[in-house]
Amino acid sequence: MSRLKSQSTALTDDPLNDICPVCKSNRYLNPTLQFLINPECYHKMCSTCVDRIFTSGPASCPVVGCGKTLRKKGFHKAFFADLKIERECDIRKRVGAVFNRREDEFESLSSWNDYLEMVEGLIFDLVEGTMKEKAKAEETLRAHRAANAKEIEDNKRAGLEAKDVELQREREEKEAVRQRRLAILREQEEDKLDVEKERREMLERLARGDGDANAITKHAQKVILKKSSARRNLAESNFADTANGSAPSNLSIRGLKKKVAPKAELAYDPFGGLDLKPARYTLQSSYENEWLDNAKNNTLHMAGGYSMNEYYSRTMFEAFSGLGIFIGDQVVEKSLPAAPATIGTVGAAEAAGGRLRQEMNTDDVF
Amino acid sequence: MKFNIGDLPVLFPYPRIYPEQYDYMCDLKKTLDAGGHCVLEMPSGTGKTVSLLSLIVAYQQYYPEHRKLIYCSRTMSEIEKALAELKALMKYRADQLGYVEEFRGMGLTSRKNLCLHPSVKREKSGAVVDARCRSLTAGFVKEKKDRGEDVNNLDLLEPHNLIPNGVWTLDGIMKYGEEHKQCPYFTSRRMMTFCNVIIYSYHYLLDPKIAERVSKELSNDCIVVFDEAHNIDNVCIESLSTDITEESLRRATRGAQNLETKISDMKDSDADKLRAEYDSLVAGLRGAQEDRDEDAFMANPALPDDLLKEAIPGNIRRAEHFVAFLKRFIEYLKTRMKVRQVISETPPSFLAHLREYTHIEKKPLRFCAERLTSLVRTLELTNIEDYQPLQEVATFATLVATYEKGFLLILEPYETETAEVPNPVLHFTCLDAAIAMKPVFDRFSTVIITSGTISPLEMYPKMLNFETVVQESYPMTLARRSFLPMIVTRGSDQVAISSGFQVRNEPSVVRNYGNLLTEFSKLTPDGMVVFFPSYLYMESIISMWQGMGILDEVWKYKLILVETPDAQETSLALETYRTACCNGRGAILLCVARGKVSEGIDFDHQYGRTVLCIGVPFQYTESRILKARLEFLRETYRIKENDFLSFDAMRHAAQCLGRVLRGKDDYGIMVLADKRFLRKRTQLPKWINEAILDAEVDLSTDMAVGTAKKFLRTMAQPFPSLDQDGVSTWRIEDLEAHKEKMENESIRQLRAEMEGIENGGGKEVVQNGNGKEEAQHMGDDAFDDAEAEAEMMKLDH
């Protein structure tokens, strides 16, 4: 029994057997048969029928017992095979445009959940309810729209922004993947050249004939090995650095963008938390040095309010500034961004047939 | 045999021990003391399981913590073998100690293997048995029914004393269950927390759908062992991946419709129940206590750390809302399946698209599996197998909404490149093996990963993202050279042979492979196993051999049997092969390096005297899933594509080679026939690589034949097992001598360090370090320093 049933569903699922309910032409006669629907009544008909009936202006739906007035402009291809779902999604779109509150507007999770359930119930009434329920739901919808017009507008904007941010992030990730792939290709190319060069050198030395041939080949092999292992080590250490260093930073950006939680305002700090207290020396109130004595004792110097302490602190600062900073370290830290798993995943998507997908994005997905 | 490792007394159930077993135990103890993870490689057939068990049991019994052992293996037969070993060990311990220890060891396997119910146990498929068992044992059924036979007995016994102490093999527990009228499956499930040793399959720990229910109550200081773990990354990945087909979607739709009618029925008859469920969902109470019960319909497929600990979202709280939600999701998937081009996308972009068209948010999707479980329980559905596809879809939904990183959706509309009729499959594939493994490493302080072929060792920590305390590969000590690995790179006509894509179908290569096969079929006594890289290549090469008359030639010497993708055919072929090996001239089994035969089926003694590996068994690199995974590995773990591919090929090759050598009294020839093996030699396990002499690399067919003949002649000489004593097997005296020597060695080393390098002490240390290499150069049959020492000891006596 169940098999029979599955077969019958398979038959109707098969687009080859689809027949236009209006003109009864089927795919056998018209291979380019395409069905369109109008969200007014969700009766499907083929594109020829639509052209035939609605080109000259609005007309009533040709399906028996419907009789709704339709316009050609309203017709489009159905996304879902099941038109009931298509209709439900259209309704959802309509309701979603009105009830578009976000979770962070609610005080607690349970009130958010209650809200969600209320909306869901409303949609359910619109989709499957009786005439009365539908009318009531429509009424609620209208009332809500009227009452909260401004908030709806705000949330809509917020939603669009969030989408933009998401898109931006995706684009950035893709770009990062591309960059990394290029870098790796370049690296491999260099490796190859290196090995090639080494080999040529070895041949030349052999040709020149100085030294034992065995020794030369052995030496060359060793050099190549050493180089490749050194390169690997370098790459690995870089990787270790970057993996520890910047992976979390990337994550935190994503967290930030999603939820902009305003932090409690702190007192304004002009130096941005930079500690200006000297770490490598302690400033004394006076230094004994004979060529300072003159300045110390001379009233001319002190007249304008000049303080020796200022002088001391500046001199000491200049003497110690720049100590403990190694340019080498800072340069290394900048090299190669890390590859968090996100990038890996995006890259993997590209690898498994990304080209096709990009093509696809340009037009409609289906 | 009784000896001490450090302060730990170990009882070893055999009178003799292999040197590598002793080393293995020492390293194991080091790991347990340090409390970290380790990766150990020990040659196949040298008693890995028994050394593991005897050391860990000794450790358990000696130290007051009594850390529990969870031993995971791959197949049923391996689990049974381990249980038998454990039983023998415990018997030996009882004999030696003079009393029986307070000890319980148990194996766990599926309901199908452990069922006693007269009609259920006759079902063929495991899923059906599971479903029928649930329909008999689910909580609500039990409440309604009077207490019958079977499971219900369990409730009468004390929960911690369902079964007496001792080691229970699967057969043993079945028998006990039959006698006492209690279900073996539930007995072992419930007794797990009271066991000292649990032996089961990987999946019970790695697959979140099962692990959640089975392994949740295990404490954190358990010692976890993954035996035969060379494929563990694939197990991890499979446990988090799902595939969806058009057929399964169709059946899922039907399931959703059934649910809908059931809900409306219930609304008419028993609305209170639905309301009660709804109320509990509103209150955010999940049926946590019931959830963990064995009878839950399905567990959450996401890993425990990734579960959201909050109430179910409001828009799927009502049963009818949830069913509409499911229908919408299924319909969306159906529409996507209609696309006729390959799509690969990340979960976030999938979710974004989903939201745009169906207004399904991420959060309710995450709760899909949980909500479905709750609904099924409320509706008291018993014919659960009908809802299997729906469950698959819910699993998919939860996974796709939970994981952003390390996962990928790939839609393949056609089965093969050339297919005309679309058969779309939506793969949701996990790319990162570390995801499933992470909770295990996080939770348990000691995880031991071990196998016969797990080289290169550093690959596993990298891939699974963990740190090791000990990472060691052991050589095989042998009193005579009992296996002969060779790399054949050329045919007799000096043409290089390779299964590389460009040359694999060239007649000269095929003929040379054919000649190799003919020659070895002539000289091999009894059985011979041949491995090909793929079914496709095997078929093409066999048909070419047929055309060249090579098969007719081989036919004169041996029976030819072929492995096929069909399991039943293969097992028939295997049976015939074994019969042929025991009678007459033996047979040749042609099989595939990634097939069923290459893993888990042993060809010991006469069943396999030669293994011939034709070509490097690379994976099918055009597979989109593999491509994606390679890219991910490179980006995330810095493992280069080629490194991974060659590592993967070599671990399979090593598995194939390991099939023929299953013990120290066994002997066999291993031939690697491809010129590319020359470069990959270092990626073989240490014990194989060390046994390849430099003269036996880069051979041509005729040279290989000559070497093999000489080898077989030496193998034909009588070899009394006494000769092995002190060399490849140690009696207790040898062990004591070795220990003393090691102690002296370390004392000398310490002293030398103290005296400083100038006094010549440093030289001694250096010599120690090089001892291994030197010993190798001493001669053919000196394999490592242990052996050299043993020989020296003989001279002393």
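Not measured: the values here are computed from a predicted model.

**A few points about the overall build of chain A**
A tally of helices and strands in chain A yields 14 helices and four strands. Scored against the burial criterion, the 366 residues of chain A give a buried share of 26%. Taking all contacts inside chain A whose residues are at least 6 apart in sequence as the whole, residues at least 24 apart take part in 52%. For chain A, the computed accessible surface area is about 25800 Å², with 56% contributed by carbon and sulfur atoms.

**Quick word on the side chain of Thr518 of chain B**
Residues and elements named next belong to chain B. Tracing the chain through its elements places Thr518 in helix H22 (residues 507–523). A distance of 2.6 Å separates a polar atom in the side chain of Thr518 from the backbone oxygen of Gly514. Those residues in contact with Thr518 that lie beyond four places of it in its chain are Ile550, Glu553 and Val554.

**Observations concerning the sheet that holds strand E9 (residues 242–245) of chain B**
All names here are of chain B. Overall, antiparallel pairing links the four strands, which are arranged E9-E12-E11-E10 in an open sheet. Every interior strand has two partners, whereas the edge strands, E9 and strand E10 (343–345), have only one. Averaged over neighbouring strand pairs, the angle between their axes works out to 15 degrees when direction is ignored. Bridge count between strand E11 (residues 407–412) and strand E12 (residues 425–430): six bridges; the pairing is antiparallel. Bridge pairing links Glu412 to Val425 in E12.

**A closer look at the side chain of Glu198 of chain A**
Along the polypeptide, Glu198 of chain A turns up in helix H6 (residues 149–208). Those residues within four positions of Glu198 of chain A in sequence are excluded, and the remaining contacts are Val223, Ile224 and Lys227 of chain A.

**Some points on the nonpolar core**
Soluble globular proteins tend to pack their nonpolar side chains together in the buried interior. Residues and elements named next belong to chain B. With 125 residues, the main nonpolar core has Tyr200, Phe226, Phe329, Leu333, Phe350, Leu365 and Ile449 as its most contacted residues. The element that contributes the greatest number of residues to this core is helix H15 (residues 319–337), accounting for 10 residues. Setting aside its immediate chain neighbours within four residues, Phe329 contacts Phe350, Leu354, Ile360, Leu365, Val393, Phe396 and Ala397.

**Digging into the pairing of strand E13 (residues 446–451) of chain B**
Residues and elements named next belong to chain B. Within E13, six of the six residues are buried, which leaves it mostly tucked inside the rest of the structure. Here E13 shows no split at all, with Thr446, Ile448 and Thr450 on one side and Val447, Ile449 and Ser451 on the other all buried. For strand E3 (residues 37–41) and E13, the ladder comprises four bridges, and the chain directions are parallel. Bridge assignment links Val39 to a residue of E13, and that residue is Ile449.

**Considerations on the environment of Ser700 of chain B**
All names here are of chain B. By secondary structure assignment, the location of Ser700 is in strand E21 (residues 699–700). Judged by its relative accessible area of 1%, Ser700 falls in the buried class. Considering only alpha carbons, one finds Ser700 and Ser492, 208 residues apart in sequence, at a separation of 5.6 Å. Of note is the side chain of Ser700, whose polar atom sits 2.5 Å from the side chain of Asp702.

**Considering the confidence of the model for chain B**
All names here are of chain B. On average, residues of chain B carry a pLDDT of 84, and 89% of them reach 70 or more. Here residues 288–295 is a poorly scored stretch, pLDDT under 50, and it has 18 contacts once near neighbours within four places are set aside; other chains count. Below pLDDT 50 for its whole length, residues 761–797 participates in 40 contacts with residues either more than four positions away or in separate chains. Interface confidence in the predicted complex, given as ipTM, is 0.73; pTM for the same model is 0.78.

**Focus: the packing of aromatic side chains**
Going through the model one piece at a time under the given rule, you end up with 34 aromatic pairs over all chains. Seen in terms of ring centroids, Phe632 of chain B and Tyr637 of chain B are 6.5 Å apart; in terms of plane orientation they differ by 80 degrees. Their pairing is edge-to-face. Summarising the burial analysis for this pair, Phe632 of chain B and Tyr637 of chain B share the class buried. Each member of the aromatic cluster is reached from another via a ring pair, and the members are Phe79 and Phe80 of chain A together with Phe329, Tyr332, Phe350, Tyr357, Phe396, Tyr403, Phe407 and Phe428 of chain B. Stacked on the ring of Phe35 of chain A, the Lys or Arg Lys44 of chain A has its end atom at 5.0 Å from the ring centre. Its guanidinium or amino end placed over the ring of Phe322 of chain B, Arg371 of chain B lies 5.4 Å from that ring's centre, counting from NZ or CZ.

**Overview of the UniProt feature "coiled-coil region" (unreviewed entry) in chain A**
Those places that UniProt annotates as "coiled-coil region" (unreviewed entry) correspond, in this numbering, to residues 127–206 of chain A. For the annotated span residues 127–206 of chain A, helix accounts for 96% and strand for 0% of the residues, and the straight-line distance between the end C-alpha atoms is 86 Å.

Cut-off values and rules
- Residues numbered from 1 in each chain as written.
- Chains lettered and ligands numbered in written order.
- Predicted model: local features only at pLDDT ≥ 70, side-chain atom pairs only at ≥ 80, totals over all residues.
- Heavy atoms only, no water.
- Helix = DSSP H or I, 4+ residues; strand = E, 2+ residues; numbered from the N terminus.
- Buried < 20%, exposed > 50% of the residue type's maximum accessible area, 1.4 Å probe, protein only.
- Contact = heavy atoms within 4.5 Å.
- Areas by Shrake-Rupley, 256 points an atom, 1.4 Å probe, with all protein chains shown as cover.
- Polar contact = N/O pair within 3.5 Å; in protein donor to acceptor, adjacent residues only side chain to side chain.
- Pairing = 2+ DSSP bridges.
- Axes fitted to C-alpha atoms, helices over the stretch in contact; angles between N-to-C directions.
- Core = buried A, V, L, I, M, F, W, Y, C linked by side-chain atoms within 4.5 Å.
- pLDDT = per-residue confidence, 0-100.
- Phe/Tyr/Trp six-rings, centres within 6.5 Å; stacked < 30°, edge-to-face > 60°.
- Lys NZ or Arg CZ within 6 Å of the ring centre and 35° of its normal.
- UniProt positions renumbered as here; feature names shortened; annotations may be inferred.

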